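Understanding the architecture of this molecule
Read off the chains here:
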Amino acid sequence: MSAPYARTPLALALTLAAAGLTPVHAQEVQSLNPITVSGDAQATPLNPGITAERARLDGVAGGTNLIEPQKESRLVTLKDALDYQPGLVVQEFFGGLDQPRLNIRGSGIQSNPVNRGVLLLQDGLPLNEADGSFVIGFLEPRNARLISARRGANALSPAATTLGGELDFQSLTGTEGDLLRVEGGSFGRFGAQAAKGFRSGNLDGRLSVTHDRYDGYRHHSGSDRTSVQGNFGVQGDGFENRTYLSYVDLDVDIPFVVTRAQMEYDPRQTNGEGVAVGAPFNQLDIGKRHPHRKSSQLRAANRTYWGTETLNNTLGVYAQSIDDTFQDPMTSTVTDGMTYGAQWQLAGKYRAIDYRVALDWSRSDMDRDLYTVNKETGDRKTHYGNYDLQAENRSALLGFAWHVNPQWTVVGDAKFTQAIRDARERASGNTLDQDWNYVSPKLGLVWQPVDTQRFFVNVSRSNEAPTYWEIISAGSPPSPLNDTLGKTGLSKLKLQRADTVEIGGEGLLGNGPYAPHWALTFYHSDVKDELMSVSTANGTPSGTYNYRGGTRHQGIELGLNGSLPAPGAGAAFDYRMAYTFSDFRFKGGEYAGNRIAGVPRHLVSAELLYRIGGLRFGPNVRWMPADTETNHANTPDTQQDSYALLGFKVDYQMGKHWQAYLQADNLTDETYASAFVIRNTGTTAMPTFLPGNGRSITAGVSYKF
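Here goes a summary of the coordinates provided.

About the cut-offs
Residues numbered from 1 in each chain as written. Predicted model: local features only at pLDDT ≥ 70, side-chain atom pairs only at ≥ 80, totals over all residues. Heavy atoms only, no water. Core = buried A, V, L, I, M, F, W, Y, C linked by side-chain atoms within 4.5 Å. Buried < 20%, exposed > 50% of the residue type's maximum accessible area, 1.4 Å probe, protein only. Helix = DSSP H or I, 4+ residues; strand = E, 2+ residues; numbered from the N terminus. Contact = heavy atoms within 4.5 Å. Polar contact = N/O pair within 3.5 Å; in protein donor to acceptor, adjacent residues only side chain to side chain. Salt bridge = Lys/Arg side-chain N within 4 Å of Asp/Glu carboxyl O. Pairing = 2+ DSSP bridges.

This paragraph deals with the nonpolar core. Among the nonpolar cores identified, the biggest contains 21 residues, and Leu82, Leu102, Leu120, Ile136, Ile147 and Leu167 are the most heavily contacted of them. Mapped by element, the contributors of at least two residues to this core are helix H3 (78–82), strand E6 (144–151) and strand E7 (165–171). Membership of the second largest hydrophobic core comes to 17 residues, among which are Phe93, Ile254, Phe256 and Phe326.

To continue, consider the environment of leucine 646. Turning to its location among the elements, leucine 646 is positioned in strand E31 (residues 643–654). On the accessibility criterion, leucine 646 (39% relative accessible area) is partly exposed. Leucine 646 sits 26 residues away from asparagine 620 along the chain, and the two C-alpha atoms are 5.9 Å apart. With near-sequence residues (within four places) excluded, leucine 646 lies in contact with Asn620, Val621, Asp665, Asn666, Leu667 and Thr668.

Counting through the fold element by element, glutamine 320 comes out in strand E14 (residues 311–327). Separated by 3.0 Å, the side chain of glutamine 320 and the backbone oxygen of leucine 127 make a polar contact. In this structure the side chain of glutamine 320 is engaged in a polar contact, spanning 2.4 Å, whose partner is the side chain of arginine 299. Apart from the residues lying within four places of it in its own chain, the contact partners of glutamine 320 are Pro126, Leu127, Asn128, Glu129, Gln297, Leu298, Arg299, Gly337, Met338 and Thr339.

Moving on, we get to the pattern of salt bridges. Per the counting criterion, the structure on display carries 48 salt bridges. As a salt-bridge pair, arginine 585 and aspartate 583 come within 3.6 Å of each other at their nearest N and O atoms. One continuous salt-bridge network, built from bridges that share partners, spans Glu53, Arg56, Arg150, Glu166 and Asp168.

Attention shifts here to the sheet that holds strand E5 (residues 125–126). Strand order across the open sheet formed by five strands is E1-E6-E7-E4-E5, with mixed pairing between neighbours. In this open sheet, the two strands that pair with only one neighbour each are strand E1 (64–67) and E5. One ladder, built from four bridges, connects E1 with E6; its direction is antiparallel. By the bridge assignment, threonine 64 is partnered in E6 with arginine 150.

Listed below in structure tokens is the structure:
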């Protein structure tokens, strides 16, 4: 990082402090919907609630987000929950119940499907498989009391060492969120949820069932999702034990990518219909080959807490099975696996020092089979890969917070990890056993000149081992004309490392009821051996390699929200805005100076609602003001075009029990690419883009018990 770039945020922080501007307690962009949950009345050590989580994030010397998803009116997809959050980039694929691409500071930006770069946590325990991969559609934001995002090396779990950090979903418990909810809308959208809990003395429990169906805007883009989640807890004096059970079944059709000409002619069409684009791409008839993803997960977890604030232990164990089929137009990849894990933490206080010691272990045993896809029927044809996979992680963490005085705190931790990835192809006998041993340290400083004011700076190193999606290479995948032959192989890959400097703060601009909340973070990461996953000319996965020339990720994460006076008794304008700037470039090597393809350079989400009584209504916008590169060579005329999507929302809270909403998206019926595949180089004739939804309306009603 250059010296001027480093000094800018520090000077801003000092200027704000000198002016007496007062930050809020967590780097968050608050939700504006009037739905309320029962505060922290049911908070426990294992489910600390909003107030306790804010206090915990106050001690983090870096960028975080604290999200209350139950305050959102529509809450079906991950984008619904994470919109208007700085630093969290969610790129929808085709607008339904599909697999969005989650990106934090360039984490796993090339992966397709998105499967790495961020540790997903459910109630503090990893949801990822032991190789680091995940199915993002297994997340259910409707059952989350809060979502805590710790970006980059600000992650608190001993298992989180990647560039993207961690995203922790904390479950609703007891009688929180007892409701019936029904919603529907354009393109055959339907969703329903029923949730009920109990609380009796020291016992509580909750069960939620959700189901969603979506016919899809594009041809061949229907999807279904069913989720059952429950938890049961018992508490005593300085003791709590909680058991979590869940089952998720996801079935998504994939319309696949098209050329720009196809998208502009008819964004609903798929290859094999409509505008002819010539061989070989039009030979990938999506209607016949039926690309899709069908996944299910059964998970059981248990956590136990005992002790006091001065000295306490937390022990967690979990087991989860996965049955996952990901089929592109030419290859069907089938994975069956079982993952086990355990995590223990000792936390305490000694004079002016808070300390943590933690251990984490996880193991996955997986079978992965690769088949060619019958070009006429979409069925599996030739079995050309049969893998026996074992992944294991052993991690230890030592962390501290030294309260030098009431205003200054030095924080640091070191995570020690051994990552093992063993693979064997049964038919050929080829094996590749890889293991990496690494340390992920962090040192930071938090300055709180008053209780409600916080600024921070940190330096850190992150490390990421490849998943089996990267290790098992495509080799020679089937061709569009030949659906009988396929060849696969194993790729020996290096660890991806990044050294990061981060600085920022968060707070209030001024005083009084209309003082806006702000959150601002600058970061700069020098990345070595970045994992690059790219696609073939027809849009199917080609393989993964380590980029040898070095890369740079740097950016700005800015959030702003608050209220302004408005005409009418007790009325106000509520607003929120998030701006994420991502400047990712190749430092040397073949693509020196080029932008890394995959992430919008500028992304703005904003909403303005007029509020009077229980009624809120107003417009919103999602704006990508600059074109985004789709290949690392930055070939002219192959970019994802800039776009602005306008929406409007009406939300009405009727007393304590009823709530209804109406939400319109893409009011101008903009034709745009919501996402794309990434290549080393490309041409305008290649199918690259996934068109986003056209104009749509969603409405819903809920009743809270």
